Amino acid sequence: MTPPDGPDPADRASDASDPSDADRERERDLRTDRDGAQLDFSADMSYTDYLHLDAVLGAQHPLSDAHDELLFIVQHQTSELWMKLMLHELSAATDAIAVDEFHRAFKMLSRVSRIMEQLVHAWDVLATMTPPEYSAIRPALGRSSGFQSWQYRCIEFAAGNKSAVMLQPHEHRPELHAIVDAALRRPSLYDESLRALARRGVDVPAERLERDWTQPYEAHPGVEAAWLEVYRDPDRHWDLYQLGEELADLEDAFRLWRFRHVTTVERVIGFRRGTGGTSGVGYLRAMLDVVLFPEIWSLRTSL
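Just so we're clear, the structure is a prediction, and the values are computed from it rather than from any experiment.

(A) Spotlight on the packing of helix 4 (residues 69-98) against helix 5 (residues 102-126). Orientation of helix 4 relative to helix 5, taken along the N-to-C sense of each, is 165 degrees, at an axis distance of 9 Å. If you check the angle between helix 4 and helix 5, you find them roughly antiparallel. Of the two possible hands of crossing, helix 4 and helix 5 adopt the one that is left-handed. Considering only residue class, the contact of helix 4 with helix 5 consists of 22 nonpolar, 4 polar and 3 charged.

(B) How the structure looks around the environment of Gln-242. Along the chain, the position of Gln-242 falls in helix 11 (residues 238-269). The class of Gln-242 is partly exposed, set by a relative accessible area of 25%. As a C-alpha pair, Gln-242 and Phe-106 span 136 residues in sequence and 8.1 Å in three-dimensional space.

(C) Representation of the pattern of salt bridges. Scanning the model with the defined rule gives 16 salt bridges in all. The partner of Arg-200 in a salt bridge is Asp-239, and the shortest N-O contact between them spans 3.7 Å. With Arg-200 in the loop between helix 9 (189-199) and helix 10 (221-232) and Asp-239 in helix 11, this pair connects stretches of sequence that are 39 residues apart. Given a relative accessible area of 19%, Asp-239 falls into the buried group. In this structure, the salt-bridge partner of Arg-285 is Glu-266, at a minimum N-O distance of 3.0 Å. One end of the pair, Arg-285, is in helix 12 (residues 281-287); the other, Glu-266, is in helix 11, and 19 residues separate them in sequence. Under the relative-accessibility criterion, Arg-285 is labelled partly exposed at 40%. In the salt-bridge network here, residues are joined through shared partners; they are Glu-192, Arg-195 and Glu-210.

What counts, and at which threshold
Residues numbered from 1 in each chain as written. Predicted model: local features only at pLDDT ≥ 70, side-chain atom pairs only at ≥ 80, totals over all residues. Heavy atoms only, no water. Axes fitted to C-alpha atoms, helices over the stretch in contact; angles between N-to-C directions. Helix = DSSP H or I, 4+ residues; strand = E, 2+ residues; numbered from the N terminus. Parallel < 35°, antiparallel > 145°, perpendicular 65-115°, else oblique. Left-handed = near helix turned anticlockwise from the far one by under 90°. Nonpolar A, V, L, I, M, F, W, Y, C, P; charged D, E, K, R; others polar. Buried < 20%, exposed > 50% of the residue type's maximum accessible area, 1.4 Å probe, protein only. Salt bridge = Lys/Arg side-chain N within 4 Å of Asp/Glu carboxyl O.

Treat this as a map of the structure, not an account of what it does.
Following this line, the structure appears as structure tokens:
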């Protein structure tokens, strides 16, 4: 009940504060939704800012009027992004093995295998492009080709598939040539794995521990014998045994990627030469025969 002499002074003070409380509530409503999510980013970093999406989404510049060229560009740009992460993980895994930090390396190698799965499934999207659709964009590609991907070349080198001649496509870009050349000269993931076996007391032929790292790895019966020692007593050599299986997983993923690559190319362009000058399907089929970690596979026949 209101006192006869008017409203209570405390009520008047409360009424005076109500408008400012309402204003603050309205301002809060403008900055957040009912779930509390922030809506106003005029003074804060947003998702678009953090990911630099203006640059990423503005990097697609079709050179033809063909509808399907955007698919071709996005397919290859996203693959390059995955390869950037793959190189990051492969390099760190190789460094970790070099200092016997196997558990760190196993996590990274497992991640690389999962990245390869993403790249395998990406071919399913490109395979929706028909031969006439590809023919419509092919003139816009000029001589550009995935064969010239410097990141993919670094991945091949990191996995041990070394070839000095593959530096040549990058000679027109000295900064990229230097990166690929450094990858050629660095011990591969498999080279460091064999060194790890030797440090753990497994007998590895000396010529496989110190060699010219720019040369492709060649299988050696002594290395197979070393891995057999590990696989015949996994409890004693558990870290090395798991390392061998991580390498098998990784090469399995590589093989799947290469197979999907060649079948997609054959489906889209048949047996025409590639834009980069290779024989196309013929070149890719030859790559199916490349074995990265040969003794990891050959030892299984002897177990």
